[in-house]
Number of protein chains: 2
Amino acid sequence: WARAVRGLLLDISGVLYDSGGEGGGVPIAGSVEAVRRIKASGLKLQFCTNETQASREKFVKKLQGLGFDISVAEVTAPAPAACRLLKERGLRPHLLVHDDLIPEFAEIDKTNPNCVVIGDAAENFSYANLNEAFRVLIGLEKPVLVALGKGRYYKETDGLKLDVGAYMKALEYACDVQAEVVGKPAKTFFESALAEMGVPPEQAIMIGDDIVCDVGGAQQCGMRAVQVRTGKYRPCDENHPQVKPDAYVNNLAEAVDVILNQM
Amino acid sequence: WARAVRGLLLDISGVLYDSGGEGGGVPIAGSVEAVRRIKASGLKLQFCTNETQASREKFVKKLQGLGFDISVAEVTAPAPAACRLLKERGLRPHLLVHDDLIPEFAEIDKTNPNCVVIGDAAENFSYANLNEAFRVLIGLEKPVLVALGKGRYYKETDGLKLDVGAYMKALEYACDVQAEVVGKPAKTFFESALAEMGVPPEQAIMIGDDIVCDVGGAQQCGMRAVQVRTGKYRPCDENHPQVKPDAYVNNLAEAVDVILNQM
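Starting afresh in each chain, residues are numbered from 1 along the sequence in its written order. As they are written, the chains are lettered A onward and the ligands numbered 1 onward, keeping that order. The predicted nature of this model means local features are confined to residues of pLDDT at least 70 and side-chain atom pairs, given and counted, to a pLDDT of 80 or more, with totals for whole chains, interfaces and linings taken over all residues. Hydrogen atoms and water are omitted, and side-chain values are computed over all heavy atoms in the structure.

- The name given to chain A in an unreviewed UniProt entry is Phospholysine phosphohistidine inorganic pyrophosphate phosphatase, with the source organism recorded as Alectura lathami.
- UniProt positions are given in the numbering used here, feature names are shortened, and annotations may be inferred rather than shown by experiment. As stated in UniProt under Cofactor (unreviewed entry), the record for chain A gives "Mg(2+)".

## As for the overall build of chain A
Here is step 1 of the chain: Tallying secondary structure elements over chain A gives eight helices and 14 strands in all.
Here is step 2 of the chain: Using C-alpha atoms as the atom set, the radius of gyration is obtained and then compared with a globule rule of 2.2 Å times the number of residues to the power 0.38. Over its C-alpha trace chain A gives a radius of gyration of 18 Å, about what one expects of a compact globule, namely 18 Å for 263 residues.
Here is step 3 of the chain: Counting only C-alpha atoms, chain A reaches 55 × 40 × 35 Å along its principal axes.
Here is step 4 of the chain: Accessible area of chain A: about 11300 Å², with a carbon and sulfur share of 47%.
Here is step 5 of the chain: For the charge count, each Lys or Arg is scored as positive and each Asp or Glu as negative, with His and the chain ends excluded. By convention, the point assigned to a charge is CZ for Arg, NZ for Lys, CD for Glu and CG for Asp. The distance from the centre of the 29 positive side-chain charges to the centre of the 35 negative ones in chain A is 3 Å. Each helix is a run of H or I in the DSSP string that is no shorter than four residues. Each strand is a run of E no shorter than two, and both are numbered from the N terminus. With residues, only the protein chains shown are counted as cover, and all accessible areas are computed by Shrake-Rupley using a 1.4 Å probe.

## Some thoughts on the interface of chain A and chain B
Here is step 1 of the chain: When checking whether two residues touch, look at their non-hydrogen atoms; a contact exists if any pair is within 4.5 Å. Every contact between the two is made by 29 residues of chain A and, on the other side, 29 residues of chain B.
Here is step 2 of the chain: Two parts placed together each lose some accessible area under a 1.4 Å probe, and adding up what both lose gives the buried area. Taking both partners together, chain A and chain B bury about 2700 Å²; carbon and sulfur atoms supply 64% of that area.
Here is step 3 of the chain: The largest share of the area that chain A buries against chain B comes from Tyr127, Leu162 and Tyr173 of chain A, three residues that together contribute 32% of it.
Here is step 4 of the chain: By convention in these notes, a salt bridge is any Lys or Arg side-chain nitrogen within 4 Å of a carboxyl oxygen on Asp or Glu. One can count zero salt bridges joining chain A with chain B.
Here is step 5 of the chain: Under the rule applied, a polar contact is a pair of N or O atoms within 3.5 Å (in protein, one hydrogen donor and one hydrogen acceptor; residues adjacent in sequence only if both atoms are side-chain atoms). The tally of links from chain A across to chain B stands at eight residue pairs in polar contact (both at pLDDT 80 or more).
Here is step 6 of the chain: Those elements that provide at least two residues to the side of chain A that touches chain B are α4 (127–138), β9 (153–156), β10 (159–162) and α5 (164–175) of chain A.

## Examining helix α1 (residues 31–41) of chain A
All names here are of chain A.
Here is step 1 of the chain: Burial status follows relative accessibility: with a 1.4 Å probe on protein chains alone, a residue under 20% of its type maximum counts as buried, one over 50% as exposed, and anything between as partly exposed. Among all positions in α1, only Ser31, Val32, Ala34, Val35 and Ile38 are buried. For α1, the buried positions fall inside an angular range of 165° around the axis, keeping them on one side.
Here is step 2 of the chain: In this fold, the buried residues of α1 make contact with β1 (7–10), β3 (25–27), β4 (44–48) and α8 (252–262).
Here is step 3 of the chain: The positive-phi residue at the C-terminal boundary of α1 is Gly42, with phi of around 90°. Each direction from the helix axis to a C-beta atom contributes to the arc, which is the arc of those directions.

Below you can see the structure in the form of structure tokens.
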């Protein structure tokens with residue numbers, strides 16, 4: 001599975017580090033070094049995350065603080081993907097997102113909105129804000145809803161929280177529309193990460209911990225995909241009815257060992 | 001369509017009166033008198049509403065203030081139907097409902113909840129309250145979600161608002177469950193209204209303004225159903241692809257004329 005590779009796509013949470021709530025987290029053993037070795041090898045490298053509670057600036061600073069050699073330009077995230085989609089189609093969004101994500105949309109025209117963009121808005125998912133987004137959407141002749149992911153829920157230190165997917169479903173039902181989901185496992189999302197690297201899918205490998213979003217999504221796009229046994233990996237993933245990774249590895253360090261040995 | 005009738009089921013909003021926002025409203029011409037004539041005729045009578053923003057006590061007081069001869073016992077509403085379901089199945093609810101609806105659940109054991117009941121909670125649809133209801137639901141071995149209706153949205157004086165159905169969909173998606181919907185058009189809802197009257201479905205007529213929830217729901221239950229051309233009635237309802245009323249009438253007064261003339 002590791003032959004003829006020119007570029008690697010890495011998921012972040014569960015591959016580079018385990019998040020510990022409240023902005024904390026610890027690197028997964030060997031991952032800091034593995035990223036350095038990829039860069040030294042001359043392979044192209046891009047990171048690929050569904051994180052939407054912070055701008056890439058802020059998120060990358062946290063990872064740098066954990067010791068990772070990573071820059072904003074190397075991170076493919078839903079918000080910039082949404083910005084590209086908005087620009088291409090002349091869409092002016094009403095934003096229902098986390099305050100920390102708003103800077104990602106700084107260059108986008110938001111006057112007289114003709115679509116709604118929904119992310120993991122957390123505390124911004126208030127009754128008033130949801131009604132406001134709904135009114136924008138239902139008032140459009142052809143409602144367009146762009147969702148920065150479709151997660152059901154996630155865990156924080158103070159308990160489980162509803163994720164963007166749940167609120168997306170509420171607006172979908174109320175307006176009788178289907179959201180366009182940006183972020184993994186969307187094909188266009190992987191395509192834009194590949195474009196950043198300038199590598200065709202058949203020469204790229206995705207490394208992730210999520211059997212459906214990372215592995216399944218990348219394979220749908222024509223890439224090879226490897227699942228690490230870290231992060232949200234569970235043994236039952238190895239019997240997944242639809243998705244079969246090209247390989248399993250114990251962690252990122254092992255994947256990088258195999259790939260660099262093939263070169 | 002008006003032969004051999006022993007009981008009438010009347011929708012309230014759009015049949016008895018048009019709501020004017022902020023607790024106001026005006027009776028539809030002839031409806032106050034029509035209710036009196038039904039009662040004088042000896043026909044059984046029950047009212048059937050999906051209202052969940054107020055207790056029946058409060059709602060009935062408003063209707064009495066508009067001149068209607070109506071009492072709490074004559075109103076079949078989602079909250080009491082939910083209470084019956086809860087008691088029958090030994091369910092102890094976590095309530096995500098409007099403050100004014102809580103008295104309807106006074107006699108229900110709410111300790112150590114093993115299900116969630118969701119109504120049109122309005123301002124109570126906060127981020128914190130939704131997460132709390134979600135955590136109760138996802139923490140159950142077999143999550144049970146009871147919804148007091150499945151409306152998409154409604155109009156108030158200050159604009160459109162998301163209705164209970166939208167938030168129901170959010171919880172359904174997050175927990176991978178299907179809500180049990182109490183209220184029209186649920187068959188059990190009409191059955192409990194019929195049981196209140198002590199009249200079998202084939203001897204009862206439903207009169208409503210909603211082609212799907214009132215007319216379709218009642219017919220599914222074996223009743224005849226008449227659509228009034230008041231309230232939310234729209235001319236295009238007369239070409240509905242699935243539902244065909246047994247008759248159209250201009251308003252409640254006309255329906256009552258025809259029925260009483262047949263007796």
